[in-house]
Amino acid sequence: MDYIDASVVAVPTDNKDKYIEHAKAAAAIFKQYGALRVVESWGDDVPEGKVTSLPMAVKCEQNETVVFSLIVWPSKAMRDKGWENVMKDERLNDFCMPFDGSRMIFGGFQMIVDE
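My aim in this report is to walk through the structure given alongside it, one point at a time. The shown structure was predicted, so the numbers you read here are calculated from the model rather than taken from an experiment. (Residues numbered from 1 in each chain as written. Predicted model: local features only at pLDDT ≥ 70, side-chain atom pairs only at ≥ 80, totals over all residues. Heavy atoms only, no water.)

So, the pairing of strand β3 (residues 64–73)
Regular strands place their side chains on alternate faces of the sheet.
Item 1. With nine of its 10 residues buried, β3 lies for the most part within the structure.
Item 2. When strand β2 (residues 37–42) meets β3, the two strands line up antiparallel, connected through six bridges. In the sheet register, W42 faces β3, and the bridge partner there is V67. (Buried < 20%, exposed > 50% of the residue type's maximum accessible area, 1.4 Å probe, protein only. Helix = DSSP H or I, 4+ residues; strand = E, 2+ residues; numbered from the N terminus. Pairing = 2+ DSSP bridges.)

Things to note about the sheet that holds strand β4 (residues 105–110)
Picture the strands of a sheet paired through backbone hydrogen bonds; they go either parallel or antiparallel.
Item 1. If you trace the four strands from one edge of the open sheet to the other, you get β2-β3-β1-β4, paired in antiparallel fashion. The open sheet is flanked by β2 and β4, the only strands paired with a single partner. The mean angle between the axes of side-by-side strands here comes to 15°, regardless of whether they run parallel or antiparallel.
Item 2. Set on the sheet, helix α1 (residues 16–32) makes contact with β1 (3–12), β2 and β3; between it and β2 the angle comes to about 165°.
Item 3. Against the sheet, helix α3 (residues 76–88) contacts β1, β3 and β4, and its axis sits at roughly 115° relative to β3. (Axes fitted to C-alpha atoms, helices over the stretch in contact; angles between N-to-C directions. Contact = heavy atoms within 4.5 Å.)

Examining the packing of aromatic side chains
Item 1. Considering all chains together, one arrives at four aromatic pairs under this definition.
Item 2. Summarising the aromatic geometry, the rings of Y19 and W42 are spaced 6.4 Å apart at their centres and angled 55° between planes, so their arrangement reads as tilted. Linking Y19 in helix α1 with W42 in strand β2, this pair joins segments that are 23 residues apart in sequence.
Item 3. Taking the centre distance of 5.0 Å and the plane angle of 70° together, the rings of F30 and W83 count as edge-to-face. Taken as a pair, F30 in helix α1 and W83 in helix α3 lie far apart in primary sequence, 53 residues in all.
Item 4. Residue class for W83 comes out partly exposed when judged on its relative accessible area of 29%.
Item 5. An aromatic cluster is built from Y19, W42 and F99, whose rings are joined through pairwise contacts. (Phe/Tyr/Trp six-rings, centres within 6.5 Å; stacked < 30°, edge-to-face > 60°.)

Pasting the structure below:
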């Protein structure tokens, strides 16, 4: 079954166009190294919680929007090899992330239901 990388980040709302450009370039690299699909989602209805929430998790500020991303891989082994290659790809040196990467949360997930 497929393997998923997911991340959540706070992006300055004014950087939406820059983020989309960045995400499209990164998606091409991930797909070159085996990703089946790359999805970027701009927050539209992401409520602030009282105990915990996505905005709280990434310390989202007033002028920022929560972005949820996922990369679908055919397997964990392909994901591990894909990331190894992505991290060596010199095109990443040209990337300027239009957000504070230190507040990104991320992880890898084994898909257990796909209906």
